[in-house]
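Examination of the molecular architecture
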Amino acid sequence: ATHKLLLLPGDGIGPEVMGEVKRLIGWINAQGLAHFETEEGLVGGAAYDASKQSITDATMAMASAADAVIFGAVGGPKWDSVPYEARPEAGLLRLRKDLGLFANLRPAVCYPALAEASSLKREVVEGLDIMIVRELTGGVYFGEPKTITDLGNGQKRAIDTQVYDTYEIERIARVAFDLARKRRNKLTSMEKRNVMKSGVLWNEVVTQVHAREYKDVQLEHQLADSGGMNLVKAPKQFDVIVTDNLFGDMLSDIAAMLTGSLGMLPSASLGEIDATSRKRKSLFEPVHGSAPDIAGKGLANPIAMISSFGMALRYSFDLGALADKVDAAIAAVLAKGMRTADIKSEGTTAVSTSQMGEAILKE
Ligand code: NAI
Ligand code: MG
């Protein structure tokens with residue numbers, strides 16, 4: 001089967017790290033390991049420069065038609081004063097919204113070779129491999145009413161509203177249970193049922209989905225605050241964590257710091273499975289931004305981008321064995337001491353973006 005990819009390199013180091021993914025795709029095709037057909041489009045500042053929009057309808061149509069979108073990064077000082085609706089991030093937000101990407105997967109993996117770079121002690125993080133599943137299209141970031149009103153007595157009132165319906169919790173729970181089944185078979189659900197109605201419903205629905213469809217997976221519930229504490233105290237107790245949009249935003253950034261550098265962290269965003277084609281919309285991107293401070297210098301670490309593509313192999317194309325090879329190649333290159341500037345320790349020399357990409361390809 002031919003797999004259709006839309007590549008959106010974006011701005012800053014986006015095109016540099018995407019270059020290494022293109023090289024990997026070329027090699028996979030040449031080896032006959034899979035067949036990828038790629039198209040490329042503009043997003044963010046690059047799209048604004050060309051069309052005064054951060055993503056065009058034509059690019060959105062390409063994204064909808066693709067089996068997966070591979071996204072670099074957007075933004076930079078050059079576009080700081082463009083109109084709000086055309087700001088670079090708007091392109092990414094439109095992709096997430098229009099493709100219905102409700103499930104955000106953020107792995108936190110600590111390669112033994114990099115355990116020193118973590119904010120925590122080696123023994124706490126070495127070999128860490130957890131997955132945070134964050135609900136991405138609901139909750140308090142989107143709920144109505146969302147207002148600031150003037151109370152007239154020198155006071156204002158700000159209102160954000162946390163809203164979750166059963167189906168939203170069910171579908172994110174299924175994504176998380178499915179992932180747990182492919183990993184170490186354990187899921188931890190986090191909410192605040194002690195003080196929030198949405199937490200009560202979240203807990204109830206996840207428990208029901210478990211009883212109905214996933215009895216073989218070990219399910220545990222933690223309150224999101226003490227769960228956060230456990231994440232930095234003893235993170236290896238977790239396999240998959242599922243949580244709402246707000247808690248997931250915070251917990252996944254905390255988990256990121258367990259692993260070392262921003263240049264190492266991949267992510268995936270998944271939509272619903274289409275009833276007829278059995279395919280789901282998906283977008284894969286590094287967690288980092290466009291890094292204007294190092295852009296154009298060949299210094300960027302391509303591992304987050306390459307490993308995001310690895311997630312595409314695993315979650316959109318059922319090429320798990322190939323994804324395992326990509327992960328193993330990254331680990332092997334790191335174990336040999338190869339480092340880009342962001343992860344290098346004192347006294348060692350750093351390699352460039354393309355040297356790192358090439359070394360991973362060789363492995
Ligand atoms: P950033 O992630 O771009 O950079 C933060 C720091 O980490 C910088 O010192 C940078 O050099 C370093 N860094 C990031 N990725 C790296 C990599 N692959 N290799 C080596 N070093 C790396 O975040 P920052 O500086 O807050 O934002 C810069 C621009 O990126 C802004 O315009 C921001 O809006 C945008 N941004 C875009 C995101 C996206 O496209 N999803 C996400 C975050 C920020
Ligand atoms: Mg965040």
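These numbers come from a predicted model, not from an experiment. (Residues numbered from 1 in each chain as written. Chains lettered and ligands numbered in written order. Predicted model: local features only at pLDDT ≥ 70, side-chain atom pairs only at ≥ 80, totals over all residues.)

**A closer look at the nonpolar core**
Short version of the rule: By definition, a nonpolar core groups buried Ala, Val, Leu, Ile, Met, Phe, Trp, Tyr and Cys residues that are joined through C-beta atoms within 7 Å. Remark: C-beta atoms are placed from the backbone, and a residue is labelled buried if 20 or more other C-beta atoms sit within 10 Å of its own, exposed if 12 or fewer do, or partly exposed between those counts. Numbering of helices and strands starts at the N terminus; helices are DSSP runs of H or I of at least 4 residues and strands are runs of E of at least 2. Any two residues are considered in contact once their C-beta atoms, placed from the backbone, lie within 7 Å.
One finds Val 69, Ile 70, Val 133 and Ala 176 to be the most contacted residues of the largest nonpolar core, which totals 100 residues. Of all the elements, helix H10 (residues 303-315) adds the most residues to this core, at 9 residues. Residues in contact with Ile 70, not counting those within four places in the same chain, are Leu 5, Leu 7, Val 21, Phe 284, Phe 309 and Ala 312.

**Some details on the domain arrangement of the chain**
Quick reminder of the rule: In this document the domain limits rely on a domain assignment from an automatic tool or a database. Each residue gets one of three labels, nonpolar for Ala, Val, Leu, Ile, Met, Phe, Trp, Tyr, Cys and Pro, charged for Asp, Glu, Lys and Arg, and polar for the others, Gly among them.
Entries for the chain in the domain assignment read domain 1 (1-107 + 264-363) and domain 2 (129-257). The gap between the C-alpha centroids of domain 1 and domain 2 is 26 Å. By residue number, the principal contributor to the side of domain 1 that touches domain 2 is strand S4 (residues 103-109), which donates 5 residues. Grouping the constituent residues of the side of domain 1 that touches domain 2 by class yields 8 nonpolar, 3 polar and 3 charged.

**Comments concerning the packing of H10 against helix H11 (residues 320-335)**
The description of two packed helices rests on the angle between their axes and on the distance between the axes. Defined as follows: Angular values range over 0 to 180 degrees, each being the angle between N-to-C directions of two axes fitted as lines to C-alpha atoms, with helices fitted over their stretch in contact. Orientation categories follow fixed angle ranges, with anything under 35 degrees roughly parallel, anything over 145 roughly antiparallel, 65 to 115 roughly perpendicular, and all other angles oblique. Should the near helix be turned anticlockwise from the far one by less than a right angle, the crossing is left-handed, and should it be turned clockwise, the crossing is right-handed.
Between H10 and H11, whose axes approach to 7 Å, the crossing angle comes to 160°. With respect to their mutual orientation, H10 and H11 come out roughly antiparallel. Taken as a pair, H10 and H11 cross one another with a handedness that is left-handed. Along the contact surface, H10 presents Ile 303, Ile 306, Ser 307, Gly 310, Leu 313 and Arg 314, while H11 presents Gly 320, Leu 322, Ala 323, Val 326, Asp 327 and Ile 330. Residue classes in the contact of H10 with H11 are distributed as 7 nonpolar, 3 polar and 2 charged.

**Structural notes on the site of ligand 1**
The condition is simple: Should the C-beta atom of a residue, placed from the backbone, lie within 6 Å of a molecule or strand, that residue is near it.
Close to ligand 1 lie 21 residues, the nearest being Gly 75, Gly 263, His 288, Gly 289 and Asn 301. A per-class count over the shell around ligand 1 returns 11 nonpolar, 7 polar and 3 charged.

**Things to note about the packing of helix H1 (residues 14-31) against helix H12 (residues 353-362)**
Put simply, H1 and H12 touch, their axes get as near as 9 Å, and they point 25° apart. Classified by the interaxial angle, the pair formed by H1 and H12 is roughly parallel. Two packed elements cross with a definite hand, and for H1 against H12 that hand is right-handed. Listed contacts from H12 to Glu 16, Val 17, Glu 20, Arg 23, Leu 24 and Trp 27 of H1 are Thr 353, Ser 354, Gly 357 and Leu 361.

**Quick word on the UniProt feature "binding site: substrate" (unreviewed entry) in the chain**
The line we're drawing: UniProt positions are given in the numbering used here, feature names are shortened, and annotations may be inferred rather than shown by experiment.
Under the local residue numbering, the UniProt record ascribes the feature "binding site: substrate" (unreviewed entry) to Arg 96, Arg 106, Arg 134 and Asp 225. A stretch of 130 residues holds the annotated residues, and the largest C-alpha distance among them is 27.4 Å, long enough that they do not meet in one place. Note on placement: Arg 96 falls in helix H4 (residues 88-98). The exposure class of Arg 96 is partly exposed, given the 17 C-beta atoms found within 10 Å. Here Arg 134 lies in strand S5 (residues 129-135). Judged by C-beta crowding, with 26 C-beta atoms within 10 Å, Arg 134 ranks as buried.

**Re the pairing of strand S6 (residues 147-150)**
Residues in a regular strand project their side chains so that they alternate between the two faces of the sheet. For clarity, the threshold we go by: Here, strands pair whenever DSSP counts at least two bridges between them.
Across 4 bridges, S6 lies against strand S7 (residues 156-159) in antiparallel orientation. When the sheet's bridge partners are listed, Ile 148 is paired in S7 with Ala 158. From the end of S6 to the start of S7, which pair antiparallel, there are 5 residues, and Gly 152 there has a positive phi angle of about 85°.

**As for the sheet that holds strand S10 (residues 240-243)**
Sheet architecture is open: 10 strands sit in the order S2-S1-S3-S12-S11-S4-S5-S10-S8-S9, paired in mixed fashion. Where the open sheet ends on each side, the last strands, each with one partner, are strand S2 (35-40) and strand S9 (218-223). The sheet shows a mean angle of 25° between the axes of neighbouring strands, direction not considered. Note that strand S1 (residues 2-10) and S2 share 6 bridges and pair parallel. Counterpart to Lys 4 in the pairing with S2 is Glu 37. Packing against the sheet, H10 makes contact with strand S3 (68-73), strand S11 (266-273) and strand S12 (280-286), and its axis sits at approximately 160° to S12.

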